[in-house]
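Here are the chains, one letter per residue:
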Amino acid sequence: MITTEDETKRRQAAARKDNGFYWRERDGVRALICAPLEQDGFTNAFSTRVGGVSSMPREALNLAGFNEDDAENIYENRRRFLKLFEGQWLLTGCWQVHGIDVRVVHSQDDAKQKPEVLGDDQYCDALVSNTPNVLLAVKTADCVPILIGDPVTRAFAAVHAGWRGTSSSILKRAVEELESEYGAQVANLRVAIGPAANACCYEVGSDVIEVFKDRFANADELLTPTRDGHALINLHQANREHVISAGVPADRIHLAPFCTMDRNDLFFSYRQEKKLHGRVGRLMSVIGTRA
Ligand SMILES: [Zn+2]
């Protein structure tokens with residue numbers, strides 16, 4: 001256990017002031033925890049870049065991207081990250097392709113498949129499960145990570161939503177899978193929307209603007225025009241609206257108050273770092289339940 005029970009309770013209470021999030025730190029590794037999701041019984045975390053062994057550019061907690069970092073660094077970083085949680089966990093993810101497929105993780109065996117790549121052979125952008133001691137993981141560096149828990153059925157989901165996934169409603173697909181696979185009621189869901197490139201920094205071009213104008217009735221509220229043919233886009237808000245329109249009560253949706261492009265000291269940002277270093281680390285957002 002990282003903190004005493006009293007300390008955890010104190011941090012959870014303090015988190016109410018910060019959209020429901022608080023920091024957990026162990027051995028220099030730091031992650032953002034959604035307190036209401038935790039109080040509903042879900043182990044969860046949004047990783048930071050702090051406390052790892054990767055040279056991105058230094059002491060970076062890169063948790064994925066085997067073509068851009070040594071596998072041994074990534075495994076050491078994952079080992080350090082998992083020390084933030086009590087008990088034994090099976091980490092499972094998939095090869096993310098900005099699509100709309102949802103992977104159902106039916107069992108621990110399912111989660112163990114191809115452990116050397118942690119299920120990366122499966123193409124998808126969201127995962128759902130109700131299997132204890134499995135941590136569903138999505139990887140991001142500016143895209144929006146979203147974690148969902150249902151305290152009634154104990155089912156949960158992890159979702160990766162960039163502009164493509166957001167415009168094609170990947171989040172709604174994950175909610176539908178929780179309903180059909182586990183009988184979840186939308187009104188019971190708790191949703192944590194993690195650090196991502198926000199409306200303060202994330203500028204898109206006319207290709208993205210056209211897609212959003214086509215698919216969102218309120219696109220004008222999600223897009224703030226900048227220079228000719230460009231606009232700042234609010235993917236946090238777009239995803240929040242998806243789950244509200246699906247029926248999740250607004251007070252059960254928690255938005256992490258961080259922009260990955262602004263807080264490049266804490267988070268990896270593809271847009272800030274690709275042009276500087278060529279290689280960019282990956283954050284990991286995870287959710288699970290204990291037996
Ligand atoms: Zn920003």
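Residues numbered from 1 in each chain as written. Predicted model: local features only at pLDDT ≥ 70, side-chain atom pairs only at ≥ 80, totals over all residues. Heavy atoms only, no water.

Draft legend 1. Inspection of the coordination of the zinc ion at higher detail. Here the zinc ion is held by Cys-200 (SG), Cys-201 (SG), Cys-259 (SG) and Asp-262 (OD), and the distances to it run 2.2 to 2.4 Å. Considering all four donor atoms around the zinc ion, the spread of angles at the metal, 91 to 122°, places the coordination shape in the tetrahedral class. Spacing between the donor residues of the zinc ion along their common chain follows C-C-x57-C-x2-D. Of this pair, Cys-200 sits in the loop between strand 11 (190-193) and strand 12 (203-204) while Asp-262 sits in the loop between strand 15 (253-255) and helix 10 (270-277), and the two are 62 residues apart along the sequence. (Donors = N, O, S within 2.8 Å, 3.2 Å for Na, K, Ca; no water. Tetrahedral: all angles 85-135°; square planar, octahedral: opposite > 155°, others 65-115°. Helix = DSSP H or I, 4+ residues; strand = E, 2+ residues; numbered from the N terminus.)

Draft legend 2. Highlighting the pattern of salt bridges. If you walk through the whole model with that rule in mind, you get 14 salt bridges. Among the ionic pairs, Asp-265 bridges to Arg-263, the shortest N-O distance being 2.8 Å. Residues participating in the shared-partner salt-bridge network are Asp-40, Arg-190 and Arg-252. (Salt bridge = Lys/Arg side-chain N within 4 Å of Asp/Glu carboxyl O.)

Draft legend 3. Geometry of the sheet that holds strand 15. Read across the open sheet, the six strands follow the order 6-7-10-9-11-15; overall the sheet is mixed. Looking along the sheet, the strands with just one partner apiece sit at the ends: strand 6 (102-105) and strand 15. In this sheet, adjacent strand axes meet at a mean angle of 15° when their direction is disregarded. Pairing of strand 7 (residues 126-129) with strand 10 (residues 156-161), which is carried by four bridges, proceeds in the antiparallel orientation. When the bridges of strand 10 are listed, Leu-127 appears paired with Ala-158. Along the sheet face, helix 9 (residues 235-246) touches strand 9 (144-149), strand 10, strand 11 and strand 15 and points at about 175° away from the line of strand 15. (Pairing = 2+ DSSP bridges. Axes fitted to C-alpha atoms, helices over the stretch in contact; angles between N-to-C directions. Contact = heavy atoms within 4.5 Å.)

Draft legend 4. Summary view of the pairing of strand 8 (residues 134-140). Among the seven residues of strand 8, seven are classified as buried, and the element is accordingly described as predominantly covered. Burial along strand 8 is two-sided: the face carrying Val-134, Leu-136, Val-138 and Thr-140 and the face carrying Leu-135, Ala-137 and Lys-139 are both buried. As judged from the three bridges shared by strand 5 (residues 90-92) and strand 8, these two strands associate in the parallel manner. Following the sheet pairing, Leu-91 is matched in strand 8 by Leu-135. Of the strand pairs in this sheet, strand 8 and strand 16 (residues 283-288) are connected by five bridges, and their pairing is antiparallel. For Ala-137, the partnering residue across the bridge sits in strand 16 and is Val-286. (Buried < 20%, exposed > 50% of the residue type's maximum accessible area, 1.4 Å probe, protein only.)

Draft legend 5. Structural detail: the packing of helix 6 (residues 170-182) against helix 9. Axis separation between helix 6 and helix 9 bottoms out at 9 Å; the angle between their running directions is 35°. Crossing angle aside, the handedness with which helix 6 passes helix 9 is right-handed. Residues Leu-171, Lys-172 and Val-175 of helix 6 form the contact with helix 9, whose participating residues are Asn-239, His-242, Val-243, Ser-245 and Ala-246. Its residues assigned to classes, the contact of helix 6 with helix 9 comprises four nonpolar, three polar and one charged. (Left-handed = near helix turned anticlockwise from the far one by under 90°. Nonpolar A, V, L, I, M, F, W, Y, C, P; charged D, E, K, R; others polar.)

Draft legend 6. A look at the environment of Val-175. Note that Val-175 resides in helix 6. Spatially, the C-alpha atoms of Val-175 and Gly-247 are 9.9 Å apart, while their sequence positions differ by 72 residues. Residues in contact with Val-175, not counting those within four places in the same chain, are Ile-148, Val-186, Leu-189 and Val-243.

Draft legend 7. Layout of the layout of surface pockets. For the largest pocket, the calculated volume is near 650 Å³. What lines the largest pocket is a set of 26 residues, and nearest its centre among them are Gln-96, His-98, Lys-139, His-160 and Arg-282. When residues of the lining of the largest pocket are traced back to their parent elements, those giving at least two are strand 8, helix 5 (163-167) and helix 10. Here the lining of the largest pocket is built from residues that sort into eleven nonpolar, seven polar and eight charged. (1 Å grid on protein atoms, 1.4 Å probe; cavity = no way out; pocket = protein on both sides within 12 Å on 5 of 7 lines; lining within 4 Å. Points joined across faces, edges and corners; volume = space filled by probe spheres on them.)

Draft legend 8. Structural detail: the side chain of Arg-49. You can see Arg-49 is positioned in the loop between strand 3 (43-47) and strand 4 (50-54). Looking at Arg-49, its side chain comes within polar contact range of the main-chain oxygen of Asn-264, at 2.9 Å. Residues contacting Arg-49, with those up to four places away along its chain left out, are Met-56, Pro-57, Glu-59, Ala-60, Leu-61, Asn-264, Asp-265, Leu-266, Phe-267, Phe-268, Glu-273 and Leu-283. (Polar contact = N/O pair within 3.5 Å; in protein donor to acceptor, adjacent residues only side chain to side chain.)

Draft legend 9. Broad picture of helix 3 (residues 71-82). For helix 3, built from twelve residues, the straight-helix expectation of 16 Å at 1.5 Å per residue is met to within 8% by its first-to-last C-alpha distance of 16 Å. All of the buried residues in helix 3 are Asn-73, Ile-74, Asn-77, Arg-78 and Phe-81. Projected down its long axis, helix 3 shows its buried positions confined to an angular sector of 130°, all on one face. Those residues of helix 3 hidden inside the fold are in contact with strand 2 (29-34), strand 3, strand 4, strand 5 and strand 16. (Expected span 1.5 Å × (residues − 1). Arc of directions from axis to C-beta.)

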